[in-house]
Amino acid sequence: MTFKTDKEAELDTSGDQNNYYASLVQGQKIARVSTFTLESGVSLDSVPVAYSTWGALNEEKHNVLVICHALTGSSDAVDWWRPLIGPGKALDYSRYLIFCANVLGSPYGSASPLSMNPETGGPYGPSFPETTIRDDVRMQKLVLDTLGVQGVAVVIGGSMGGMTTLEWPLCTPPGYVKNIVPIATSADHGAWGISWGETQRQAIYSDSTFDNGWYKPVPEGQPRMGLGTARTIAMLTYRSQGSFESRFGRKRTIALKSKEETDSLPTPPPSHRGSMSDGTPEPLRLSPTRFSSQNYLQYQANKFLSRFDANCYIHLTKKMDSHDVTQGRLPQRSDSNLQSREKDLQLVLGRAPPNALVISVESDILFRPEQQRELARCLPDAKFVSIESPDGHDGFLLEFDTLNDVIVSHLKDCFPSFYTNESECPIEAVETHADKRVHSVFGEAETVDF
Ligand SMILES: CC(=O)SCCNC(=O)CCNC(=O)[C@H](O)C(C)(C)COP(=O)(O)OP(=O)(O)OC[C@H]1O[C@@H](n2cnc3c(N)ncnc32)[C@H](O)[C@@H]1OP(=O)(O)O
Ligand SMILES: N[C@@H](CCO)C(=O)O
(Lines give C-alpha, C1' and ligand atoms only; values in the text may rest on other atoms or scores of the structure.)
(Ligands and ions follow the chains in the order given, each with its own letter.)
Protein backbone atom coordinates (compact mmCIF):
# COMPACT_ATOMS: atom_id res chain seq x y z
CA MET A 1 0.00 0.00 0.00
CA THR A 2 1.57 3.30 -1.04
CA PHE A 3 0.42 6.84 -0.41
CA LYS A 4 1.81 9.61 -2.52
CA THR A 5 0.49 12.51 -0.48
CA ASP A 6 2.79 14.10 2.05
CA LYS A 7 2.07 13.44 5.68
CA GLU A 8 0.18 10.22 5.27
CA ALA A 9 1.31 7.02 6.79
CA GLU A 10 2.10 3.90 4.86
CA LEU A 11 1.89 0.54 6.58
CA ASP A 12 5.16 -1.27 6.34
CA THR A 13 6.64 -4.34 7.96
CA SER A 14 10.31 -3.71 7.43
CA GLY A 15 11.13 -1.48 10.42
CA ASP A 16 14.75 -0.79 11.16
CA GLN A 17 16.60 -4.09 11.00
CA ASN A 18 19.65 -2.54 12.68
CA ASN A 19 17.84 -1.33 15.77
CA TYR A 20 18.68 -3.81 18.52
CA TYR A 21 16.29 -2.20 21.04
CA ALA A 22 13.31 -2.40 18.67
CA SER A 23 13.94 -6.12 18.35
CA LEU A 24 13.20 -6.43 22.11
CA VAL A 25 9.57 -5.44 21.52
CA GLN A 26 7.21 -8.23 20.59
CA GLY A 27 4.56 -8.09 17.90
CA GLN A 28 4.64 -4.40 17.01
CA LYS A 29 3.97 -3.02 13.54
CA ILE A 30 5.61 -0.17 11.66
CA ALA A 31 3.89 2.67 9.80
CA ARG A 32 6.01 4.93 7.66
CA VAL A 33 5.11 8.58 7.21
CA SER A 34 6.36 9.89 3.88
CA THR A 35 7.24 13.41 5.06
CA PHE A 36 6.77 14.98 8.45
CA THR A 37 7.59 18.51 9.52
CA LEU A 38 8.42 18.71 13.20
CA GLU A 39 7.31 21.60 15.41
CA SER A 40 10.91 22.84 15.17
CA GLY A 41 10.47 23.25 11.39
CA VAL A 42 12.85 20.39 10.54
CA SER A 43 11.43 17.89 8.04
CA LEU A 44 11.99 14.15 8.19
CA ASP A 45 11.30 11.74 5.32
CA SER A 46 10.09 8.15 5.46
CA VAL A 47 9.59 8.32 9.22
CA PRO A 48 8.97 4.97 10.96
CA VAL A 49 6.33 4.88 13.71
CA ALA A 50 6.21 1.65 15.71
CA TYR A 51 2.79 0.79 17.08
CA SER A 52 0.79 -2.06 18.58
CA THR A 53 -2.93 -2.73 18.43
CA TRP A 54 -5.27 -5.09 20.20
CA GLY A 55 -8.92 -5.64 19.27
CA ALA A 56 -10.87 -4.33 16.28
CA LEU A 57 -12.65 -1.23 15.02
CA ASN A 58 -16.43 -1.10 15.29
CA GLU A 59 -18.63 -0.14 12.33
CA GLU A 60 -18.48 3.55 13.16
CA LYS A 61 -14.68 3.27 13.53
CA HIS A 62 -14.71 5.32 16.69
CA ASN A 63 -14.23 2.77 19.50
CA VAL A 64 -10.54 3.59 19.78
CA LEU A 65 -8.65 3.63 23.07
CA VAL A 66 -5.23 5.24 22.73
CA ILE A 67 -2.57 4.39 25.33
CA CYS A 68 0.43 6.70 25.68
CA HIS A 69 3.60 5.23 27.15
CA ALA A 70 5.95 6.80 29.71
CA LEU A 71 9.58 7.85 29.32
CA THR A 72 11.18 4.44 28.84
CA GLY A 73 8.18 2.43 27.68
CA SER A 74 7.45 0.97 24.28
CA SER A 75 4.35 0.41 22.13
CA ASP A 76 3.91 -2.98 23.81
CA ALA A 77 1.58 -1.87 26.60
CA VAL A 78 1.22 -5.52 27.63
CA ASP A 79 4.84 -5.35 28.73
CA TRP A 80 4.18 -2.63 31.32
CA TRP A 81 0.39 -2.55 31.91
CA ARG A 82 -0.46 -6.20 31.43
CA PRO A 83 -2.84 -6.56 34.42
CA LEU A 84 -4.98 -3.74 33.00
CA ILE A 85 -5.42 -5.33 29.58
CA GLY A 86 -8.04 -7.89 28.58
CA PRO A 87 -11.79 -8.55 28.44
CA GLY A 88 -13.50 -6.99 31.47
CA LYS A 89 -10.37 -5.01 32.32
CA ALA A 90 -9.76 -1.26 31.96
CA LEU A 91 -8.11 -1.70 28.57
CA ASP A 92 -10.67 -4.05 27.12
CA TYR A 93 -9.80 -5.17 23.59
CA SER A 94 -13.18 -6.89 23.24
CA ARG A 95 -14.81 -3.44 23.28
CA TYR A 96 -12.11 -1.09 21.96
CA LEU A 97 -9.44 -1.04 19.34
CA ILE A 98 -6.48 -0.37 21.62
CA PHE A 99 -3.65 1.55 19.98
CA CYS A 100 -0.27 2.37 21.48
CA ALA A 101 2.53 3.97 19.46
CA ASN A 102 6.17 4.38 20.36
CA VAL A 103 7.12 8.05 20.61
CA LEU A 104 9.68 9.75 18.39
CA GLY A 105 13.15 9.60 19.91
CA SER A 106 12.54 6.35 21.82
CA PRO A 107 14.82 3.41 20.98
CA TYR A 108 11.88 1.02 20.51
CA GLY A 109 11.24 1.38 16.77
CA SER A 110 10.02 4.87 15.89
CA ALA A 111 12.42 7.40 14.35
CA SER A 112 15.15 8.24 16.87
CA PRO A 113 18.85 8.97 17.28
CA LEU A 114 19.33 5.30 16.31
CA SER A 115 17.74 5.84 12.88
CA MET A 116 19.81 6.29 9.76
CA ASN A 117 20.48 9.84 8.69
CA PRO A 118 20.05 9.76 4.90
CA GLU A 119 22.59 12.58 4.56
CA THR A 120 25.41 10.66 6.23
CA GLY A 121 24.38 7.03 5.83
CA GLY A 122 25.05 6.52 9.56
CA PRO A 123 22.85 6.88 12.64
CA TYR A 124 21.69 10.39 13.57
CA GLY A 125 23.09 9.97 17.07
CA PRO A 126 23.05 13.32 18.88
CA SER A 127 22.16 15.15 15.64
CA PHE A 128 18.63 13.72 15.64
CA PRO A 129 16.36 16.79 15.64
CA GLU A 130 14.42 17.73 18.77
CA THR A 131 10.87 16.44 18.87
CA THR A 132 7.95 17.47 21.06
CA ILE A 133 4.94 15.82 22.63
CA ARG A 134 2.80 17.61 20.04
CA ASP A 135 4.87 16.06 17.23
CA ASP A 136 4.06 12.64 18.69
CA VAL A 137 0.33 13.31 18.71
CA ARG A 138 0.28 14.66 15.14
CA MET A 139 2.36 11.70 13.98
CA GLN A 140 0.20 9.11 15.74
CA LYS A 141 -2.97 10.70 14.36
CA LEU A 142 -1.60 10.08 10.84
CA VAL A 143 -1.23 6.40 11.68
CA LEU A 144 -4.80 6.27 13.01
CA ASP A 145 -6.02 7.93 9.78
CA THR A 146 -4.31 5.21 7.80
CA LEU A 147 -6.01 2.55 9.93
CA GLY A 148 -9.37 4.13 9.02
CA VAL A 149 -10.09 5.53 12.47
CA GLN A 150 -12.83 8.19 12.53
CA GLY A 151 -12.60 9.18 16.17
CA VAL A 152 -10.97 8.30 19.48
CA ALA A 153 -13.11 7.38 22.47
CA VAL A 154 -10.45 7.88 25.10
CA VAL A 155 -6.74 8.57 25.51
CA ILE A 156 -5.02 7.22 28.63
CA GLY A 157 -1.44 7.62 29.80
CA GLY A 158 0.82 8.29 32.76
CA SER A 159 3.80 10.57 33.34
CA MET A 160 5.20 11.54 29.91
CA GLY A 161 2.28 9.49 28.56
CA GLY A 162 0.00 11.81 30.56
CA MET A 163 1.55 14.81 28.81
CA THR A 164 0.76 13.15 25.47
CA THR A 165 -2.75 12.38 26.71
CA LEU A 166 -3.33 16.08 27.47
CA GLU A 167 -2.08 17.10 24.03
CA TRP A 168 -4.29 14.65 22.08
CA PRO A 169 -7.50 16.74 22.16
CA LEU A 170 -5.51 19.97 21.75
CA CYS A 171 -3.67 18.80 18.60
CA THR A 172 -6.63 17.13 16.85
CA PRO A 173 -9.91 18.53 15.48
CA PRO A 174 -12.57 19.39 18.10
CA GLY A 175 -14.67 16.34 18.93
CA TYR A 176 -12.13 13.84 17.55
CA VAL A 177 -11.15 12.77 21.10
CA LYS A 178 -14.14 12.16 23.37
CA ASN A 179 -12.40 11.70 26.72
CA ILE A 180 -9.00 11.68 28.39
CA VAL A 181 -7.46 10.03 31.46
CA PRO A 182 -4.20 11.80 32.34
CA ILE A 183 -2.32 10.05 35.15
CA ALA A 184 0.57 11.27 37.36
CA THR A 185 1.29 14.16 35.01
CA SER A 186 1.17 17.94 34.74
CA ALA A 187 0.09 20.81 32.50
CA ASP A 188 3.73 21.73 32.01
CA HIS A 189 7.09 20.33 33.06
CA GLY A 190 8.12 22.69 35.82
CA ALA A 191 11.52 23.62 37.22
CA TRP A 192 11.56 20.53 39.46
CA GLY A 193 11.05 18.06 36.62
CA ILE A 194 13.41 19.91 34.27
CA SER A 195 16.10 19.97 36.92
CA TRP A 196 15.90 16.25 37.65
CA GLY A 197 16.16 15.60 33.92
CA GLU A 198 19.15 17.93 33.63
CA THR A 199 20.92 16.20 36.55
CA GLN A 200 20.50 12.87 34.76
CA ARG A 201 21.74 14.30 31.46
CA GLN A 202 24.78 15.77 33.19
CA ALA A 203 25.61 12.31 34.54
CA ILE A 204 25.64 11.03 30.95
CA TYR A 205 27.64 13.97 29.58
CA SER A 206 30.27 13.49 32.27
CA ASP A 207 31.01 9.92 31.16
CA SER A 208 34.18 10.10 29.08
CA THR A 209 32.90 7.33 26.77
CA PHE A 210 29.88 9.46 25.85
CA ASP A 211 32.01 11.28 23.27
CA ASN A 212 29.39 14.01 22.73
CA GLY A 213 26.92 11.31 21.74
CA TRP A 214 29.08 9.66 19.06
CA TYR A 215 29.59 6.37 20.94
CA LYS A 216 28.72 3.11 19.21
CA PRO A 217 24.96 2.91 19.79
CA VAL A 218 24.45 -0.66 20.95
CA PRO A 219 24.29 -1.74 24.60
CA GLU A 220 28.03 -2.55 24.67
CA GLY A 221 28.99 0.84 23.26
CA GLN A 222 27.00 2.77 25.84
CA PRO A 223 28.37 5.39 28.21
CA ARG A 224 27.53 2.83 30.89
CA MET A 225 28.57 4.75 33.96
CA GLY A 226 26.69 7.86 32.86
CA LEU A 227 23.45 6.22 31.75
CA GLY A 228 23.48 3.84 34.72
CA THR A 229 23.89 6.76 37.11
CA ALA A 230 21.09 8.64 35.33
CA ARG A 231 18.77 5.68 35.90
CA THR A 232 19.67 5.38 39.59
CA ILE A 233 18.95 9.09 40.09
CA ALA A 234 15.68 8.67 38.22
CA MET A 235 14.71 5.62 40.30
CA LEU A 236 14.85 7.73 43.45
CA THR A 237 12.38 10.18 41.94
CA TYR A 238 10.11 7.33 40.77
CA ARG A 239 9.80 5.78 44.21
CA SER A 240 9.48 7.26 47.71
CA GLN A 241 11.47 7.52 50.87
CA GLY A 242 8.86 5.33 52.59
CA SER A 243 9.07 2.56 50.00
CA PHE A 244 12.86 2.51 50.17
CA GLU A 245 12.84 2.37 53.98
CA SER A 246 10.27 -0.41 54.13
CA ARG A 247 11.84 -2.48 51.34
CA PHE A 248 15.50 -2.07 52.23
CA GLY A 249 15.93 -0.21 55.50
CA ARG A 250 19.49 -0.94 56.66
CA LYS A 251 19.51 -4.49 55.27
CA ARG A 252 22.91 -5.56 54.06
CA THR A 253 23.93 -7.93 51.36
CA ILE A 254 27.14 -9.30 49.95
CA ALA A 255 27.92 -7.98 46.50
CA LEU A 256 29.40 -10.76 44.46
CA LYS A 257 32.08 -9.13 42.39
CA SER A 258 34.12 -10.61 39.61
CA LYS A 259 37.81 -11.20 40.39
CA GLU A 260 38.81 -8.47 37.90
CA GLU A 261 36.48 -5.99 39.56
CA THR A 262 37.72 -6.88 43.05
CA ASP A 263 41.37 -6.69 41.97
CA SER A 264 40.78 -3.26 40.47
CA LEU A 265 39.32 -1.80 43.67
CA PRO A 266 41.58 0.97 44.96
CA THR A 267 43.36 0.12 48.20
CA PRO A 268 42.50 2.79 50.75
CA PRO A 269 45.38 3.95 52.94
CA PRO A 270 45.39 2.45 56.48
CA SER A 271 44.26 5.81 57.88
CA HIS A 272 40.99 5.49 55.89
CA ARG A 273 40.21 1.97 57.09
CA GLY A 274 38.41 1.08 60.29
CA SER A 275 40.48 0.01 63.29
CA MET A 276 40.54 -3.30 65.12
CA SER A 277 40.27 -3.28 68.92
CA ASP A 278 44.08 -3.39 69.22
CA GLY A 279 44.40 -0.31 67.01
CA THR A 280 45.70 -2.15 63.92
CA PRO A 281 43.99 -1.28 60.60
CA GLU A 282 40.94 -3.34 59.69
CA PRO A 283 41.81 -5.91 56.98
CA LEU A 284 40.44 -5.23 53.50
CA ARG A 285 37.41 -7.30 52.55
CA LEU A 286 37.44 -8.74 49.08
CA SER A 287 33.64 -8.91 48.89
CA PRO A 288 32.61 -5.66 50.54
CA THR A 289 29.38 -5.68 52.49
CA ARG A 290 26.87 -3.41 50.85
CA PHE A 291 23.49 -2.12 51.75
CA SER A 292 20.60 -3.80 50.01
CA SER A 293 19.42 -0.46 48.58
CA GLN A 294 22.81 0.02 46.88
CA ASN A 295 22.49 -3.40 45.31
CA TYR A 296 18.97 -2.62 44.15
CA LEU A 297 20.05 0.61 42.45
CA GLN A 298 23.01 -1.11 40.80
CA TYR A 299 20.72 -3.87 39.61
CA GLN A 300 18.22 -1.38 38.18
CA ALA A 301 21.05 0.47 36.42
CA ASN A 302 22.34 -2.71 34.81
CA LYS A 303 18.87 -3.80 33.80
CA PHE A 304 18.32 -0.42 32.17
CA LEU A 305 21.68 -0.46 30.37
CA SER A 306 20.63 -3.63 28.60
CA ARG A 307 17.46 -2.04 27.22
CA PHE A 308 17.95 1.67 26.64
CA ASP A 309 20.15 4.07 24.66
CA ALA A 310 21.82 7.18 26.09
CA ASN A 311 21.13 9.53 23.17
CA CYS A 312 17.47 8.45 23.23
CA TYR A 313 17.37 9.09 26.98
CA ILE A 314 18.71 12.61 26.51
CA HIS A 315 16.30 13.23 23.65
CA LEU A 316 13.24 12.07 25.60
CA THR A 317 14.05 13.96 28.78
CA LYS A 318 14.40 17.12 26.65
CA LYS A 319 11.07 16.32 25.00
CA MET A 320 9.49 16.28 28.46
CA ASP A 321 11.14 19.63 29.22
CA SER A 322 9.40 21.13 26.16
CA HIS A 323 5.95 20.20 27.49
CA ASP A 324 3.69 23.16 28.24
CA VAL A 325 0.07 23.03 27.12
CA THR A 326 -0.12 26.84 27.04
CA GLN A 327 2.92 27.30 24.76
CA GLY A 328 1.80 29.34 21.72
CA ARG A 329 -1.86 28.99 22.63
CA LEU A 330 -2.47 32.14 24.65
CA PRO A 331 -3.53 35.46 23.17
CA GLN A 332 -0.88 38.20 23.07
CA ARG A 333 -1.29 40.31 26.20
CA SER A 334 0.20 43.47 27.53
CA ASP A 335 1.93 43.31 30.91
CA SER A 336 -1.05 45.04 32.53
CA ASN A 337 -3.39 42.40 31.17
CA LEU A 338 -1.59 39.28 32.43
CA GLN A 339 -3.80 36.49 33.71
CA SER A 340 -3.19 34.08 36.53
CA ARG A 341 -1.62 30.72 35.65
CA GLU A 342 -4.88 28.98 36.45
CA LYS A 343 -6.93 31.25 34.17
CA ASP A 344 -4.46 30.62 31.34
CA LEU A 345 -4.68 26.89 31.89
CA GLN A 346 -8.47 27.04 31.94
CA LEU A 347 -8.42 28.90 28.64
CA VAL A 348 -6.26 26.26 26.96
CA LEU A 349 -7.55 23.12 28.66
CA GLY A 350 -11.11 24.34 28.21
CA ARG A 351 -10.77 23.05 24.63
CA ALA A 352 -10.34 19.50 25.92
CA PRO A 353 -13.45 17.28 26.12
CA PRO A 354 -15.48 17.37 29.36
CA ASN A 355 -15.43 14.73 32.11
CA ALA A 356 -11.73 13.87 32.08
CA LEU A 357 -10.57 11.55 34.81
CA VAL A 358 -7.37 12.90 36.40
CA ILE A 359 -5.45 10.36 38.48
CA SER A 360 -2.79 11.09 41.04
CA VAL A 361 -0.48 8.92 43.15
CA GLU A 362 -0.49 10.38 46.63
CA SER A 363 3.21 9.68 47.36
CA ASP A 364 4.48 10.96 43.98
CA ILE A 365 7.38 13.37 44.56
CA LEU A 366 8.14 13.89 40.85
CA PHE A 367 4.69 14.78 39.47
CA ARG A 368 3.17 16.06 42.65
CA PRO A 369 -0.52 15.59 43.47
CA GLU A 370 -1.08 19.37 43.51
CA GLN A 371 -0.19 19.36 39.79
CA GLN A 372 -2.97 16.87 39.04
CA ARG A 373 -5.38 18.79 41.28
CA GLU A 374 -4.61 21.85 39.18
CA LEU A 375 -5.35 19.88 36.01
CA ALA A 376 -8.65 18.69 37.45
CA ARG A 377 -9.62 22.28 38.28
CA CYS A 378 -8.73 23.53 34.79
CA LEU A 379 -10.11 20.73 32.60
CA PRO A 380 -13.87 21.08 32.03
CA ASP A 381 -15.96 19.09 34.54
CA ALA A 382 -13.06 16.80 35.36
CA LYS A 383 -12.98 14.19 38.14
CA PHE A 384 -9.98 13.76 40.41
CA VAL A 385 -8.91 10.47 41.97
CA SER A 386 -5.94 10.04 44.27
CA ILE A 387 -4.46 6.55 44.47
CA GLU A 388 -3.05 5.48 47.81
CA SER A 389 0.33 3.97 47.22
CA PRO A 390 3.65 3.86 49.04
CA ASP A 391 5.49 3.55 45.71
CA GLY A 392 5.63 7.16 44.58
CA HIS A 393 5.48 8.12 40.92
CA ASP A 394 5.88 4.51 39.69
CA GLY A 395 2.58 3.80 41.46
CA PHE A 396 0.94 4.31 38.05
CA LEU A 397 2.88 1.25 36.84
CA LEU A 398 2.33 -0.81 39.99
CA GLU A 399 -1.10 -0.11 41.54
CA PHE A 400 -2.94 -2.22 39.01
CA ASP A 401 -6.07 -3.12 41.00
CA THR A 402 -6.97 0.43 41.93
CA LEU A 403 -6.13 1.79 38.49
CA ASN A 404 -8.21 -0.92 36.89
CA ASP A 405 -11.24 -0.24 39.10
CA VAL A 406 -11.26 3.53 38.66
CA ILE A 407 -10.71 3.39 34.90
CA VAL A 408 -13.34 0.69 34.30
CA SER A 409 -15.93 2.58 36.28
CA HIS A 410 -15.07 5.84 34.49
CA LEU A 411 -15.27 4.29 31.01
CA LYS A 412 -18.61 2.63 31.81
CA ASP A 413 -19.99 6.05 32.81
CA CYS A 414 -18.61 7.78 29.72
CA PHE A 415 -19.35 5.11 27.09
CA PRO A 416 -22.40 3.11 28.23
CA SER A 417 -23.07 2.00 24.64
CA PHE A 418 -19.79 0.06 24.62
CA TYR A 419 -20.91 -1.81 27.74
CA THR A 420 -24.52 -2.68 26.85
CA ASN A 421 -23.94 -6.39 27.21
CA GLU A 422 -21.59 -7.28 30.08
CA SER A 423 -21.45 -10.98 29.29
CA GLU A 424 -20.64 -10.85 25.59
CA CYS A 425 -17.73 -9.50 23.65
CA PRO A 426 -19.37 -7.16 21.12
CA ILE A 427 -16.52 -7.74 18.71
CA GLU A 428 -15.88 -11.33 17.78
CA ALA A 429 -12.68 -11.19 15.79
CA VAL A 430 -10.30 -10.19 18.51
CA GLU A 431 -6.67 -10.55 17.68
CA THR A 432 -4.25 -10.07 20.51
CA HIS A 433 -0.90 -11.21 21.71
CA ALA A 434 -1.81 -10.18 25.26
CA ASP A 435 -2.86 -13.68 26.25
CA LYS A 436 0.40 -15.27 25.20
CA ARG A 437 2.60 -13.30 27.57
CA VAL A 438 4.21 -14.61 30.70
CA HIS A 439 3.51 -12.50 33.78
CA SER A 440 6.68 -10.84 35.00
CA VAL A 441 7.60 -11.58 38.58
CA PHE A 442 8.75 -8.78 40.83
CA GLY A 443 10.74 -10.04 43.74
CA GLU A 444 13.59 -9.40 46.05
CA ALA A 445 17.04 -10.59 45.07
CA GLU A 446 19.24 -9.80 47.99
CA THR A 447 22.39 -11.19 46.48
CA VAL A 448 22.94 -10.33 42.88
CA ASP A 449 25.91 -11.05 40.68
CA PHE A 450 26.70 -8.09 38.45
C1 LIG B 1 11.25 -3.99 25.49
C2 LIG B 1 11.16 -3.23 26.76
O3 LIG B 1 11.93 -3.39 27.63
S4 LIG B 1 9.91 -2.14 26.88
C5 LIG B 1 10.11 -1.17 28.26
C6 LIG B 1 9.65 -1.78 29.55
N7 LIG B 1 9.71 -0.81 30.59
C8 LIG B 1 8.81 0.14 30.66
O9 LIG B 1 7.83 0.13 30.01
C10 LIG B 1 9.07 1.24 31.59
C11 LIG B 1 8.18 1.20 32.71
N12 LIG B 1 8.56 0.18 33.69
C13 LIG B 1 9.27 0.47 34.76
O14 LIG B 1 9.71 1.56 34.95
C15 LIG B 1 9.49 -0.65 35.75
O16 LIG B 1 9.66 -1.85 35.06
C17 LIG B 1 8.33 -0.80 36.75
C18 LIG B 1 8.09 0.47 37.47
C19 LIG B 1 7.07 -1.20 36.08
C20 LIG B 1 8.65 -1.94 37.71
O21 LIG B 1 9.92 -1.84 38.10
P22 LIG B 1 10.75 -3.13 38.47
O23 LIG B 1 12.15 -2.76 38.35
O24 LIG B 1 10.32 -4.31 37.71
O25 LIG B 1 10.25 -3.35 39.94
P26 LIG B 1 11.02 -3.33 41.28
O27 LIG B 1 11.40 -1.98 41.69
O28 LIG B 1 10.18 -4.10 42.22
O29 LIG B 1 12.36 -4.15 40.99
C30 LIG B 1 12.29 -5.51 40.80
C31 LIG B 1 13.62 -6.03 40.37
O32 LIG B 1 14.62 -5.59 41.28
C33 LIG B 1 15.28 -6.74 41.83
N34 LIG B 1 15.62 -6.43 43.22
C35 LIG B 1 14.78 -6.24 44.24
N36 LIG B 1 15.48 -5.97 45.37
C37 LIG B 1 16.79 -6.01 45.05
C38 LIG B 1 18.00 -5.81 45.76
N39 LIG B 1 18.01 -5.52 47.05
N40 LIG B 1 19.16 -5.91 45.10
C41 LIG B 1 19.16 -6.20 43.78
N42 LIG B 1 18.05 -6.38 43.04
C43 LIG B 1 16.88 -6.29 43.67
C44 LIG B 1 14.25 -7.86 41.73
O45 LIG B 1 14.84 -9.12 41.73
C46 LIG B 1 13.60 -7.56 40.41
O47 LIG B 1 14.39 -8.05 39.37
P48 LIG B 1 13.74 -8.39 37.92
O49 LIG B 1 13.24 -7.11 37.38
O50 LIG B 1 14.88 -8.96 37.16
O51 LIG B 1 12.64 -9.37 38.19
N1 LIG C 1 9.39 3.98 35.45
C2 LIG C 1 8.89 4.80 34.42
C3 LIG C 1 8.81 6.17 35.00
C4 LIG C 1 8.77 7.30 34.09
O5 LIG C 1 7.56 7.92 34.26
C6 LIG C 1 9.73 4.69 33.18
O7 LIG C 1 10.87 4.25 33.27
O8 LIG C 1 9.24 4.99 32.09
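- Per an unreviewed UniProt entry, the chain goes by the name Homoserine O-acetyltransferase and belongs to Lophiostoma macrostomum CBS 122681.
- Entered under Sequence similarities (unreviewed entry) in the UniProt record, the comment concerning the chain runs "Belongs to the AB hydrolase superfamily. MetX family."

1. Considering the nonpolar core
Stage number 1. Ranked by size, the top nonpolar core spans 93 residues in total, and within it Val49, Leu65 and Ile98 carry the most contacts.
Stage number 2. Those residues within four positions of Ile98 in sequence are excluded, and the remaining contacts are Thr53, Trp54, Gly55, Leu65, Ile67, Leu91 and Tyr93.

2. Some words on helix 3 (residues 160-171)
Stage number 1. With twelve residues, helix 3 should reach 16 Å at 1.5 Å per residue; the first-to-last C-alpha distance of 16 Å fits that figure.
Stage number 2. Most of helix 3 is tucked away, with ten of its twelve residues classed as buried.
Stage number 3. The complete set of buried residues in helix 3 reads Met160, Gly161, Gly162, Met163, Thr164, Thr165, Leu166, Glu167, Trp168 and Pro169.
Stage number 4. Lining the buried residues of helix 3 we find strand 4 (64-68), helix 2 (133-146), strand 6 (152-158), strand 7 (177-183) and helix 9 (310-321).

3. Digging into the site of ligand 2
Stage number 1. If you check the shell around ligand 2, you find Ala70, Leu71, Thr72, Gly73, Ser159, Tyr238, Asp394 and Leu397 and nothing else.
Stage number 2. Considering only residue class, the shell around ligand 2 consists of four nonpolar, three polar and one charged.

4. Some points on the pairing of strand 3 (residues 43-54)
Stage number 1. A large share of strand 3 lies buried, amounting to nine of its twelve residues.
Stage number 2. Here eight bridges tie strand 2 (residues 29-37) to strand 3, and the two strands are oriented antiparallel to one another. Bridge pairing links Phe36 to Leu44 in strand 3.
Stage number 3. Between the end of strand 2 and the start of strand 3, which pair antiparallel, lie five residues, with Gly41 showing a positive phi angle near 100°.

5. Let's talk about the UniProt feature "active site" (unreviewed entry) in the chain
Stage number 1. When the UniProt feature table is mapped to this numbering, "active site" (unreviewed entry) covers Ser159, Asp364 and His393. A stretch of 235 residues holds the annotated residues, and the largest C-alpha distance among them is 10.7 Å, short enough that they meet in one place.
Stage number 2. Relative to the helices and strands, Ser159 resides in the loop between strand 6 and helix 3.
Stage number 3. Residue Ser159 is classed as buried on the basis of its C-beta count, with 28 C-beta atoms lying within 10 Å.
Stage number 4. Not counting residues up to four positions away in its chain, the partners in contact with Ser159 are Ala70, Leu71, Ala184, Thr185, Phe367, His393 and Phe396.
Stage number 5. As for its position among the elements, Asp364 is in the loop between strand 10 (357-361) and helix 11 (369-378).
Stage number 6. Judged by C-beta crowding, with 27 C-beta atoms within 10 Å, Asp364 ranks as buried.
Stage number 7. Non-local contacts of Asp364, meaning those with residues more than four positions away in its chain, are made with Ala184, Pro369, Gly392, His393 and Gly395.

6. Focus: the domain arrangement of the chain
Stage number 1. Here the chain is partitioned into domain 1 (9-189 + 333-436) and domain 2 (194-263 + 285-318).
Stage number 2. Computed over C-alpha atoms, the centres of domain 1 and domain 2 are 27 Å apart.
Stage number 3. Listed by partner, the interface residues are 25 residues for domain 1 and 23 residues for domain 2.

7. Side note on unusual backbone geometry
Stage number 1. Look at Ser46: it is not a glycine, yet its phi comes out positive at around 45°.
Stage number 2. Using a count of 15 C-beta atoms within 10 Å as the deciding quantity, one classes Ser46 as partly exposed.
Stage number 3. Its identity is not glycine, yet Ala184 carries a phi of approximately 45°, on the positive side.
Stage number 4. Turning to its location among the elements, Ala184 is positioned in the loop between strand 7 and helix 4 (191-205).
Stage number 5. On the basis of neighbour counts, which here come to 29 C-beta atoms within 10 Å, the residue Ala184 falls in the buried class.

The rules we used
- Residues numbered from 1 in each chain as written.
- Chains lettered and ligands numbered in written order.
- Predicted model: local features only at pLDDT ≥ 70, side-chain atom pairs only at ≥ 80, totals over all residues.
- UniProt positions renumbered as here; feature names shortened; annotations may be inferred.
- Core = buried A, V, L, I, M, F, W, Y, C linked by C-beta atoms within 7 Å.
- Buried ≥ 20, exposed ≤ 12 C-beta atoms within 10 Å, placed from the backbone.
- Contact = placed C-beta atoms within 7 Å.
- Helix = DSSP H or I, 4+ residues; strand = E, 2+ residues; numbered from the N terminus.
- Expected span 1.5 Å × (residues − 1).
- Near = placed C-beta within 6 Å.
- Nonpolar A, V, L, I, M, F, W, Y, C, P; charged D, E, K, R; others polar.
- Pairing = 2+ DSSP bridges.
- Domains from an automatic or database assignment.

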